[in-house]
Amino acid sequence: MVSAVCSDGAPVMLGRKSGFGALVKAGAPHIIACIDNKNLASKTGRSIKNCVFAVRVELALFLQEHQHCHADCFKNSEFILILAYMADIFAALNHLNQKMQGGGVNIIEAGENLKAFKKKLPLWKRQTENDNFANFPLLDNCVNISVPAELKQAIATHLDELAKSLDGYFPTRESYPAWVRQPFTFSVETTDVNDEYLGEIIEIQQSQVQQQLFRTTTLSTFWCQQMVTYPVIAKKALEIFIPFVTTYLCKQSFSRMLDIKTKKRNRLCCENDMRVALAKVKPHISELVSERQQQKSH
């Protein structure tokens, strides 16, 4: 049974008469409607579930005043434990998500972050089975409530299912060439490297300038800057970085478009404006102004 509806605050969702939330509540008045404000969540650094757990006392009073059928849930100790665990696990997933977003994240780094998170899950499972909830701070703070065996088993099962669900995020393939990730630390003699790359790899390993550049830039930027000097290995490395890792850039572009193409400018053709808004290159305003003739007042 559906007990709550969470939306992003869009008008089509929140309209009082024809919005999705209104239509749902018309057929099921017991349903709770709330707004998942991602901007607010990012500013406060807490997810919606963390907020619900933080205001659980106030929320319980609110539901009691309105005689809601779910008001008694907040009096149930097991429900509080489940809520604490869900807030903790979603906070961990949110932290992982933030590490995998951004314009400079590549598929190698994202895969490493995801692999590290997956390796933590069996550890968390073993610790949970031994009544160690250190990795779930909100759940661990509920020291006055003993965690029943059924709930510990449910948490362990959920962690197993979560690990399985993460397997499909990146395609299964052989590990990427070691020299792409660490071009200056691996040994050419002990590593199986294609012969056409060996010459340039040896050359780049002897360059102090490139070593300094590698330490001060991102991996993608480093290999982009090698296209002229070391074109063979740079091209191979960039072939790995070309695929988009997440939908971060798409969502960023959509957000920019919403800022530009408002309700009052719904007929605006915003391709050129989008290009300016999303460009990484800073415009030379003084140079652009100098090329235009001033319109003096008469």
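For clarity, every value in this text was computed on a predicted model and none was experimentally measured.

(A) Structural context of the nonpolar core. Counting 57 residues, the largest nonpolar core has W179, W223 and F241 as the members making the most contacts within it. For this core, the element with the most residues is helix α6 (residues 77-99), which contributes nine residues. Counting contributing residues per domain, this core is built from domain 1 (72-166) and domain 2 (178-242), each supplying no fewer than three. Setting aside anything within four residues of it in sequence, one finds W179 in contact with F186, V193, Y197, I201, W223, I233, K236 and A237.

(B) Here's a closer look at the state of the cysteines. Scanning the entire structure with this criterion turns up zero disulfides. C69 supplies the cysteine sulfur nearest to C73, a cysteine that is in no disulfide, at a spacing of 7.8 Å. A relative accessible area of 26% means that C73 is categorised as partly exposed.

(C) How the structure looks around the packing of helix α11 (residues 195-205) against helix α14 (residues 231-241). Where α11 meets α14, the axes come as close as 8 Å, and the angle between the chain directions of the two elements is 100°. By the criterion of interaxial angle, the relationship of α11 to α14 is roughly perpendicular. On α14, the residues touching E196, Y197, E200, I201 and I204 of α11 are P231, V232, I233 and K236. Among the residues making up the contact of α11 with α14, the classes are represented as six nonpolar, no polar and three charged.

(D) Broad picture of the pattern of salt bridges. The tally for this structure, following the rule as stated, stands at five salt bridges. Of the charged contacts in the structure, one is a salt bridge between K152 and D131, with a shortest N-O distance of 2.7 Å. Within this pair, whereas K152 is found in helix α9 (residues 149-165), its partner D131 is found in the loop between α7 (107-129) and α8 (137-141), the two being separated by 21 residues in sequence. Given a relative accessible area of 15%, K152 falls into the buried group. What makes D131 partly exposed here is its relative accessible area of 48%.

(E) Representation of the packing of α6 against α9 within the structure. It is at 12 Å that the axes of α6 and α9 come closest, and there the two elements cross at 25°. When the interaxial angle is binned, α6 and α9 end up roughly parallel. Remark: the crossing between α6 and α9 carries right-handed chirality. For the pair formed by α6 and α9, the contact residues are L81, I82, Y85, I89 and L93 on the first element and L151, I155, H158, L159 and L162 on the second. The residue inventory of the contact of α6 with α9, partitioned by class, reads nine nonpolar, one polar and no charged.

(F) View of a nonpolar patch on the surface. A cluster of nonpolar residues, I285, L288 and V289, forms a patch on the protein surface that exposes about 290 Å² of accessible area. Within the secondary structure, I285 is located in helix α17 (residues 285-290). Here I285 falls in the exposed class, since its relative accessible area comes to 53%.

(G) A look at the packing of aromatic side chains. One pass over the full model with this rule turns up ten aromatic pairs. Relative to F136, the ring of W124 has its centre 5.6 Å away and its plane inclined at 70°; by these criteria the two rings are edge-to-face. With a gap of twelve residues between them, W124 in helix α7 and F136 in the loop between α7 and α8 connect regions that are remote in the sequence. Comparing W124 with F136 shows no difference in burial state: the two are buried. Taking the centre distance of 5.5 Å and the plane angle of 45° together, the rings of W179 and Y197 count as tilted.

(H) Spotlight on unusual backbone geometry. A positive phi is found at Q67, a non-glycine position, where the angle reads about 50°. Tracing the sequence through the fold places Q67 in the loop between α5 (56-65) and α6. Residue class for Q67 comes out exposed when judged on its relative accessible area of 72%. A positive phi angle, close to 60°, is found at D131, a residue other than glycine.

(I) Highlighting the side chain of Q127. Positionally, Q127 belongs in helix α7. Every residue in contact with Q127, bar those within four places of it in the chain, is listed here: N132 and N135.

(J) Representation of the side chain of D88 within the structure. Tracing the chain through its elements places D88 in helix α6. Buried D88, no salt bridge; nearest opposite-charge side chain is R56, N-O distance 11 Å. Dropping the residues within four chain positions of it, D88 is found in contact with F136, P137, L138 and L139.

Criteria and thresholds
Residues numbered from 1 in each chain as written. Predicted model: local features only at pLDDT ≥ 70, side-chain atom pairs only at ≥ 80, totals over all residues. Heavy atoms only, no water. Core = buried A, V, L, I, M, F, W, Y, C linked by side-chain atoms within 4.5 Å. Buried < 20%, exposed > 50% of the residue type's maximum accessible area, 1.4 Å probe, protein only. Helix = DSSP H or I, 4+ residues; strand = E, 2+ residues; numbered from the N terminus. Domains from an automatic or database assignment. Contact = heavy atoms within 4.5 Å. Disulfide = S-S within 2.5 Å. Axes fitted to C-alpha atoms, helices over the stretch in contact; angles between N-to-C directions. Parallel < 35°, antiparallel > 145°, perpendicular 65-115°, else oblique. Nonpolar A, V, L, I, M, F, W, Y, C, P; charged D, E, K, R; others polar. Salt bridge = Lys/Arg side-chain N within 4 Å of Asp/Glu carboxyl O. Left-handed = near helix turned anticlockwise from the far one by under 90°. Patch = residues over 30% accessible without salt bridge, like charges linked within 9 Å, V, L, I, M, F, W, Y side chains within 5 Å. Areas by Shrake-Rupley, 256 points an atom, 1.4 Å probe, with all protein chains shown as cover. Phe/Tyr/Trp six-rings, centres within 6.5 Å; stacked < 30°, edge-to-face > 60°. Lys, Arg positive; Asp, Glu negative; His and termini not counted.

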